[in-house]
Amino acid sequence: PVESFMYFYLHDAFCNEISTSIIQSKQDCIDWITYTYFYRRIHANPSFYGVKDTSPLGISAYLTELVEETLKDLTDASMIEVEEEEESQEDVISPLNGSLISSYHNVPFPSMHTFMLSLSKSSNMKAILEILSSASVFESIPIRREDSSTLSKLHDRVPLKFSVTANSESTAFKTFVLLQAYFSRLKLPQDLEIDLKEILKKSVPLVNAIVDILSGEGNLNATTAMDVSQMLIQGVWDTDSPLKQVPCFNSQILNKCVEKNIETVYDIMSLEDEEREEIIDLNNKEMYRVANFVNSYPNVELQYAIDLSDPIISNEPKSIVVTLARDDEPESLEVVSDKFPFKKTENWWIVIGEASSKQL
């Protein structure tokens, strides 16, 4: 028979059920477990799960201890709150921000715990990339003997250096280096390309969780994590020319754009046909890809207004009217990316922040 591995993932299961209010008390936790395959296997193969007393009372005590330990871990990690209700004398479990973020983005408890311990209002681009790379979900990425020298050479070429003594045996180091190689568009051996693809697939929900953790704490460097999200999708650094995102734009075309003071994708849109043909020297198939990207590129204008007839008072609510206008309704909300190997739908953040205090 196949044994249940619920035992190893109970934190994640409880997080999901607490976030959706299916579990609201310790008794709910016990009741919920009785509906699982795990519960059936405890009776069938107790020694596998470390159950010594197989009587109904023994199994009940085992489950109570398991629930207590799991809830304590979640409480210590500030992901849930357990309060005792005076009237019923029963514990009431409610989700905190960490639990809701973990459940929504499907981030496992060990990774979420690492993020919540490590992220702060002073986390810069390098720190965020290091914290992202240390997520437990990357531990399944293989470390091959021949990777060590290749990763060390790549580490010498990428702009950000690993803080911890470079241990080329760790998945955190490998992930940190491969992500930078991807942003820098460095050529990789085929096996590392396969590893990178797996890293990119896992990174997007993790970065979205990092954005939510930082913004939940009111930290304006959530915008740096938003930059990382965009970097993942387009395979560029936040400091690179936005034109690097355009498919088939090689260094020759990018240099011509610099000479003609063309800095953004919107500048490409406004070029006359003759000027565009002079700058973008590509064949028909490549021009089609460029046109597809440029025509899909979102042109969104933002306006905001604050009613100043009433004074703005600290810690009091104040309405801001934000108007977003898009020039054309898009045929599809799927992002056009030359580098990201998976389908991705557009998503947007509206951020209001105080730059001097770095507060969201």
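Our subject is the structure listed above.
Predicted, not measured: the structure shown is a model, and the values here were computed from it. (Residues numbered from 1 in each chain as written. Predicted model: local features only at pLDDT ≥ 70, side-chain atom pairs only at ≥ 80, totals over all residues. Heavy atoms only, no water.)

Visitor: Could you give an account of the pattern of salt bridges, with specific residues and numbers?
Guide: A complete count under the given rule lists 14 salt bridges for this structure. In this structure, the salt-bridge partner of Lys26 is Asp91, at a minimum N-O distance of 3.3 Å. Here Lys26, found in helix H2 (residues 26–33), pairs with Asp91, found in strand E2 (residues 91–95); they are 65 residues apart in sequence, far enough to count as distant. As a salt-bridge pair, Asp195 and Lys174 come within 2.7 Å of each other at their nearest N and O atoms. Residue Asp195 is found in helix H10 (residues 190–216), and its partner Lys174 is found in helix H9 (residues 171–183); the two are separated by 21 residues along the sequence. Take Asp195: its relative accessible area is 3%, and that puts it in the buried class. The exposure class of Lys174 is buried, given its relative accessible area of 0%. (Salt bridge = Lys/Arg side-chain N within 4 Å of Asp/Glu carboxyl O. Helix = DSSP H or I, 4+ residues; strand = E, 2+ residues; numbered from the N terminus. Buried < 20%, exposed > 50% of the residue type's maximum accessible area, 1.4 Å probe, protein only.)

Visitor: Residues and numbers for the state of the cysteines, please.
Guide: Scanning the model with the defined rule gives zero disulfides in all. We note that Cys29 lacks a disulfide partner, and the nearest cysteine sulfur, in Cys15, lies 11 Å from it. Looking at Cys248, it has no disulfide partner, and the nearest cysteine sulfur is the one in Cys257, 13 Å off. (Disulfide = S-S within 2.5 Å.)

Visitor: Which residues make up the nonpolar core, and what values do they have?
Guide: Among soluble globular proteins, nonpolar side chains are generally buried collectively. Among the nonpolar cores identified, the biggest contains 77 residues, and Phe14, Phe115, Leu129 and Leu154 are the most heavily contacted of them. In terms of residue count, the dominant contributor to this core is H10 (12 residues). Those residues in contact with Phe14 that sit more than four places away from it in its chain are Ile23, Cys29, Trp32, Ile33, Val67, Thr70, Leu71 and Leu74. Listed in part, the 17 residues of the second largest apolar core include Leu243, Ile262, Val265 and Leu271. (Core = buried A, V, L, I, M, F, W, Y, C linked by side-chain atoms within 4.5 Å. Contact = heavy atoms within 4.5 Å.)

Visitor: A description of helix H7 (residues 125–133) should follow, citing residues and the corresponding values.
Guide: Taking burial as the measure, the nine residues of H7 include seven buried ones, the bulk of the element. Taken together, the buried positions of H7 are Met125, Ile128, Leu129, Glu130, Ile131, Leu132 and Ser133. Of the surrounding secondary structure, the elements contacted by the buried residues of H7 are helix H6 (109–118), H9, H10 and helix H11 (222–234).

Visitor: So, the packing of H2 against helix H4 (residues 56–76): which residues are in play, and what are the values?
Guide: At a minimum axis distance of 10 Å, the contact between H2 and H4 shows a crossing angle of 120°. Looking at the two axes, H2 sits oblique to H4. When the axes of H2 and H4 are compared, the crossing they make is right-handed. Between H2, through Lys26, Cys29, Ile30 and Ile33, and H4, the contact on the second element is made entirely by Leu63, Thr64, Val67, Glu68 and Leu71. Split into classes, the residues belonging to the contact of H2 with H4 amount to six nonpolar, one polar and two charged. (Axes fitted to C-alpha atoms, helices over the stretch in contact; angles between N-to-C directions. Parallel < 35°, antiparallel > 145°, perpendicular 65-115°, else oblique. Left-handed = near helix turned anticlockwise from the far one by under 90°. Nonpolar A, V, L, I, M, F, W, Y, C, P; charged D, E, K, R; others polar.)

Visitor: An account of unusual backbone geometry is requested, with residue identities and associated values reported.
Guide: Phi at Asn261 takes a positive value of approximately 60°, unusual for a residue other than glycine. Residue position: Asn261 is located in the loop between helix H12 (251–259) and helix H13 (265–269). One non-glycine residue, Lys358, lies in the positive phi region at around 55°. Along the chain, the position of Lys358 falls in the segment after strand E4 (320–326).

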